[in-house]
Amino acid sequence: MTEKNSEVSTKSKTEVLGKITTKKKIFIGSILGILILIPGSVFFADNVNYYLHMLLYTFMFIALASSWNMIGGYTGYTSLGHTVFLAIGGYLSGIAYLKFGISPFITAPLAGLLSVAFGFFFGLISLRTSGASFIISSIAMVLLFKISLDHWDYGGGTGGMYLPFLKIPLEYSKIPFYYAMLLIAVGAVYMSYRVRHSKFGLGLRAISQDEIKAEAAGIPTKQYKILAFALSGFFVGVAGSMWGFYLTYLRPSIFLTILLGAHMVLMSVLGGKGTVSGPVVGAILFIGINEFFVTKLGSSELNIVATGVLLAVVLLFFPAGIVGSLKARGKLPEVLDWD
Amino acid sequence: MTDSTIIFQLLVIGVTIGGVYALMASGLTIIFGVMKIVNLAHAALMMIASFITYFAFTNYGLDPILSVIITIPVMYLVGVIVYKVFFGSLEKDARFGELTVLLTFSIALIIEGTLGYFFTNTLRTVSVPYSTSSFWIGDVFLPKGQLYATLLSIALIISLWAFLRYSKLGNAIRATMQNSTAAQVVGVNIEKASVVAFGIGIAMGGAAGSLTTYMFPFYPSKHWEWIGILLSLIVLGGMGSLAGSFVGAILLSVTATFVSHFFGPTWSVATFFLALFIILLFRPQGLFGKKMEVK
Amino acid sequence: MPILQIEEVTAGYGVGPDILKGLSLNLEKGKSYCIIGPNGAGKSTLLKIICGLLHPRTGKVIFNGEDISNLRTDEILHRGICFVPQDFSLFPDMTVKENLRMGGYIIQDRDLVETRIEEVIEMFPILGEKSSDLAKTLSGGQQQMLAIGRSLILKPEVIMLDEPSLGLAPNIIQVIFDSIEKLRESGMTIVMVEQNAHKGLDFAEWGCVLDLGIARFEGPSDTILNDPRIQELYLGKIQRVAK
């Protein structure tokens, strides 16, 4: 009697699972489709640039949060210095363009690779002992980078460098960056998805739960940690190289703030670190909240307070983030479950 | 000035600053030892004490060194309140450590933002006669202000050590630091030990915050620089070791003073961070630490 | 009346599953018990429940007629139950004497604690020799003796030991059990969890086999030792104990 029932239910389960996958594909596909088409509206609508700007930032933050999630969420090692990768990307592409005339769209992937290389060596040193030492190292790294860049005359020191507008008419100038950031966001989320559904990702999760047991179970914890950290730098570096040109200037005080690093953490934690869709949800929400706070409260000091309060509230009451909490209660919409 | 005089001079300056760093680090060390978390908000909390001292001085003329009498108990209370509000409800589960560190991060942000909002980021400092005058020993000068600060710091550190060694509560805290299960088993209320330890740690930081008002210019966002320095100190000394943080503080402070003299003041801060990475490379457990279990 | 009654206790850690699943057990005053069973059966959990490190989800723990299920550890210590956890649980950077002194943490009278320390040193002279040495410098056997000695400062009615022989060489194990023998002679109720089932059951008068969260078998220890079912399931293939 029971055998029969389970047969039936397994069958319908696969059907349902199949449905879920197709449903998800349609959902994601249509959203991407819309996003790709949006810039077209610049030909017939006003004020499109504002939306392009917001969406562009959202894409960038999605990429940043998803990347951070790889080391902070999957592996459980909190990095507070991820902005270093932004700076590496930004300065590499900036200098390549200013001094050698190479377009950032070419150097962007290289910026990503350089970030990975840096992440690899940095991880080699700082991932040897505990998570506590790692957090400390990440803070020290950011501060050290800031001091070094502030005194790096070749890179412009504290004043940084001015990067010219790319040779595109003003009305359309946001469009290339829009697509670049969209591509970066998709890339980062896709990488996050692939890692999560791999043996590597499984190992990372084991490390985040109990590193000693993971090591005992034969997982090469040190290699995995370093790889996760290095990978987490790629899209951040690429985003950094684009960002500098979008802002048209590079400055240590913009790229290397602790606050920006805090925002990366907040987005992931808010959305649900350790999940694939969490950072995406968190980034989107964060952009909205940030816009609200900036228009309502204005000054950056209150922004800092708000970031802290929001982070504390999420940590104390919803440590699994939005996606994680909803999932635990079985209320997560299927289209958002990418784990 | 002969070379050896310069070296001796730099040593003197380094040691007299190092004492204050050691005081700051001692609070961090206690908190780490008992709760096994890195308190990223330590320097931000110190900043509160700095502001208290600053306003007590500018409005009432209270000497910054004397203000320590106020800031120690006040910051102890602040520490207890912060603990109860933020950490009191946390369960001691597996994710305790990492979650709590992020929580201290958020506390730091809240403090920085609040202080920045009310007091803006202008550089402030307290000018007292002894902040610029010195004793002279032969060719070498001993900055008065720093000397006083270091002497007071050492006195406070010794008091802390004595408290931990000889008082019942101090022993309870030490026991919790060394083996929290065993401490529970002999009847120590480790929750209470944690609260008190946190309070004491912040109180130590508060004293340091008061002392630094006349030694360095301060502003709300400077706490990241401080915490970077302090964290490097305790990693060097071996996390959880009071002796280690003291030695680490003096060593790094002296080194930074030399770097400042030969390479310029802006690089002296970088010294701490570089030292951190060097230590992690060659002796990750620090000078006095045990091999830390991973996470 | 039994000195310790465990009634239908279920317990677990955090939000995890039940480790103890309705365990019931009665312990008589002055007797010695050995609890054996496979890993994960809940042996250590049971000891933690009794001494207050963990609270039962359902069920009760009754000591001398009083319900102690939800008391704190220090309250239970006051009532006379001491726990010696696994892996010695000493304070590594405190001296032997300081460790002993910590054993008397809940005693207000400092002089009484000092007197008790002297008494423990009389029972375990080696602790007197090493009284100023740091606990981490002691050998395995000495550390275990210190752990036991520390729990004696309170002169408990019941002493619970979690794997007293763990990690010790055979000749040292004998020394430890000789020490525990002294405790038995003084009338203490002894409850031990032992991975070394033979040694444990050999020493104790009564045995209890814990499996899957409940007490599977209970009885005089040599009955348990000689029971062929238990032998096969829990004691491995051994020769029958010579009569």
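Look up a bit, the structure's there.
Cut-offs and rules
- Residues numbered from 1 in each chain as written.
- Chains lettered and ligands numbered in written order.
- Predicted model: local features only at pLDDT ≥ 70, side-chain atom pairs only at ≥ 80, totals over all residues.
- Helix = DSSP H or I, 4+ residues; strand = E, 2+ residues; numbered from the N terminus.
- Rg over C-alpha atoms; globule rule 2.2 N^0.38 Å.
- Buried ≥ 20, exposed ≤ 12 C-beta atoms within 10 Å, placed from the backbone.
- Contact = placed C-beta atoms within 7 Å.
- Nonpolar A, V, L, I, M, F, W, Y, C, P; charged D, E, K, R; others polar.
- Axes fitted to C-alpha atoms, helices over the stretch in contact; angles between N-to-C directions.
- Parallel < 35°, antiparallel > 145°, perpendicular 65-115°, else oblique.
- Left-handed = near helix turned anticlockwise from the far one by under 90°.
- Core = buried A, V, L, I, M, F, W, Y, C linked by C-beta atoms within 7 Å.
- Expected span 1.5 Å × (residues − 1).
- Pairing = 2+ DSSP bridges.

Novice: Before we go on, may I ask you to explain the overall build of chain C in this structure?
Specialist: Across its full length, chain C holds ten helices and ten strands. Against the 2.2 N^0.38 benchmark of 18 Å for 243 residues, chain C shows a C-alpha radius of gyration of 18 Å, consistent with a compact globule. For chain C, the spread of C-alpha atoms along the three principal axes comes to 50 × 40 × 35 Å. Sorting the 243 residues of chain C into buried and exposed places 44% on the buried side. Of all intrachain contacts in chain C linking residues separated by at least 6 positions in sequence, the fraction that spans at least 24 positions is 67%.

Novice: Is there a simple way to explain the interface of chain B and chain C in this structure?
Specialist: The figure often quoted for interface size is the accessible area lost as the parts come together. Each partner contributes residues to the interface: chain B has 15 residues there, and chain C has 17 residues. Broken down by secondary-structure element, the contributors of at least two residues to the side of chain B that touches chain C are α7 (168-178) and α8 (180-185) of chain B. Here the residues of the side of chain B that touches chain C are counted per class, giving six nonpolar, seven polar and two charged.

Novice: It is not clear to me how the packing of helix α11 (residues 258-271) of chain A against helix α13 (residues 300-317) of chain A should be interpreted in this structure. Could you clarify?
Specialist: Relative placement of two packed helices is described by the angle separating their axes and the distance separating the axes. All names here are of chain A. It is the contact of α11 with α13, at a shortest axis distance of 10 Å, that shows an interaxial angle of 30°. One finds that α11 runs roughly parallel with respect to α13. The two elements α11 and α13 cross, and the hand of that crossing is left-handed. Contact residues: L259, A262, H263, L266, V269 and L270 in α11; I304, T307, L310, L311, V314 and L315 in α13. Counted by class, the contact of α11 with α13 contains ten nonpolar, two polar and no charged residues.

Novice: Can you walk me through the interface of chain A and chain B in this structure?
Specialist: If you look at the interface, chain A gives 40 residues, while chain B gives 41 residues. When contributions to the side of chain A that touches chain B are tallied by element, the ones reaching two or more residues are α4 (104-126), α5 (131-150), α8 (211-216), α11 and α13 of chain A. Residue classes in the side of chain A that touches chain B are distributed as 23 nonpolar, 13 polar and four charged.

Novice: What is the right way to look at the nonpolar core in this model?
Specialist: In a soluble, globular protein the nonpolar side chains are often hidden away together inside. One finds M181, I184, A239 and M242 of chain A, L230 of chain B together with M160 of chain C to be the most contacted residues of the largest nonpolar core, which totals 279 residues. Beyond its immediate sequence surroundings of up to four residues, L230 of chain B is in contact with M24, A25, L28, H42 and A43 of chain B.

Novice: Looking at this model, I keep getting lost on helix α10 (residues 223-237) of chain B. Mind explaining?
Specialist: In an α-helix, one turn spans 3.6 residues, which is why side chains three or four residues apart end up on the same side. Residues and elements named next belong to chain B. Taking 1.5 Å per residue, 15 residues should reach 21 Å; α10 reaches 21 Å between its end C-alpha atoms and fits that length. Taking burial as the measure, the 15 residues of α10 include 14 buried ones, the bulk of the element. Just downstream of α10, G238 is the residue with a positive phi angle, here 100°.

Novice: Got a minute to help me understand the sheet that holds strand β7 (residues 158-162) of chain C in this structure?
Specialist: Consider a sheet: its strands pair through backbone hydrogen bonds, and that pairing is either parallel or antiparallel. Residues and elements named next belong to chain C. Spatially, six strands are ordered β6-β7-β8-β3-β9-β10 in an open sheet, and the strand pairing comes out mixed. Only two strands of the sheet have a single neighbouring strand rather than two, namely β6 (81-84) and β10 (214-220). Averaged over neighbouring strand pairs, the angle between their axes works out to 15° when direction is ignored. Across six bridges, the pairing between strand β9 (residues 206-211) and β10 is antiparallel. If you follow W206 over to β10, its bridge partner there is P220.

Novice: When you look at the pairing of strand β3 (residues 32-36) of chain C in this model, what are you seeing that I'm missing?
Specialist: In the case of a regular strand, side chains alternate between the two sheet surfaces. All names here are of chain C. Among the five residues that make up β3, five are buried, leaving the element largely enclosed by the rest of the structure. The alternating pattern of β3 places S32, C34 and I36 on one face and Y33 and I35 on the opposite face, and all of these are buried. Examined bridge by bridge, β3 and strand β8 (residues 189-193) share four bridges and lie parallel to one another. Within β8, the residue paired with Y33 across the bridge is V191. Where β3 meets β9, four bridges bridge the pair, whose relative direction is parallel.

Novice: Looking at this structure, how should I read unusual backbone geometry?
Specialist: In terms of backbone geometry, most residues other than glycine have negative phi values and most peptide bonds are trans. Here T248 of chain A, not a glycine, exhibits a phi torsion of approximately 65°, which is positive. Tracing the chain through its elements places T248 of chain A in the loop between α9 (221-247) and β2 (249-250). According to the C-beta neighbour criterion, T248 of chain A is partly exposed, with 13 such atoms within 10 Å. Of note in this structure, T120 of chain B is not a glycine but carries a positive phi near 55°.

Novice: Please clarify how the packing of α11 of chain A against helix α14 (residues 321-328) of chain A should be interpreted in this entry.
Specialist: Residue and element names in this part refer to chain A. Between α11 and α14, whose axes approach to 3 Å, the crossing angle comes to 15°. The angle between α11 and α14 falls in the class roughly parallel. When α11 is examined against α14, the residues V269, L270 and G271 are found in contact with a partner set consisting of G321, I322 and V323. Per-class residue counts for the contact of α11 with α14 are four nonpolar, two polar and no charged.

Novice: Looking at this model, I keep getting lost on the sheet that holds strand β5 (residues 66-67) of chain C. Mind explaining?
Specialist: The strand order β2-β1-β4-β5 (chain C) describes an open sheet built from four strands, whose pairing is antiparallel. The outermost strands of the open sheet, each flanked by one partner alone, are β2 (18-27) and β5 of chain C.

Novice: Which parts of the structure should I look at to understand the arrangement of the chains?
Specialist: Here two pairs of chains are in contact, and chains A and B lead that list by number of contacts. A gap remains between chain A and chain C, which never touch, and the nearest two C-alpha atoms on either side lie 13 Å apart.

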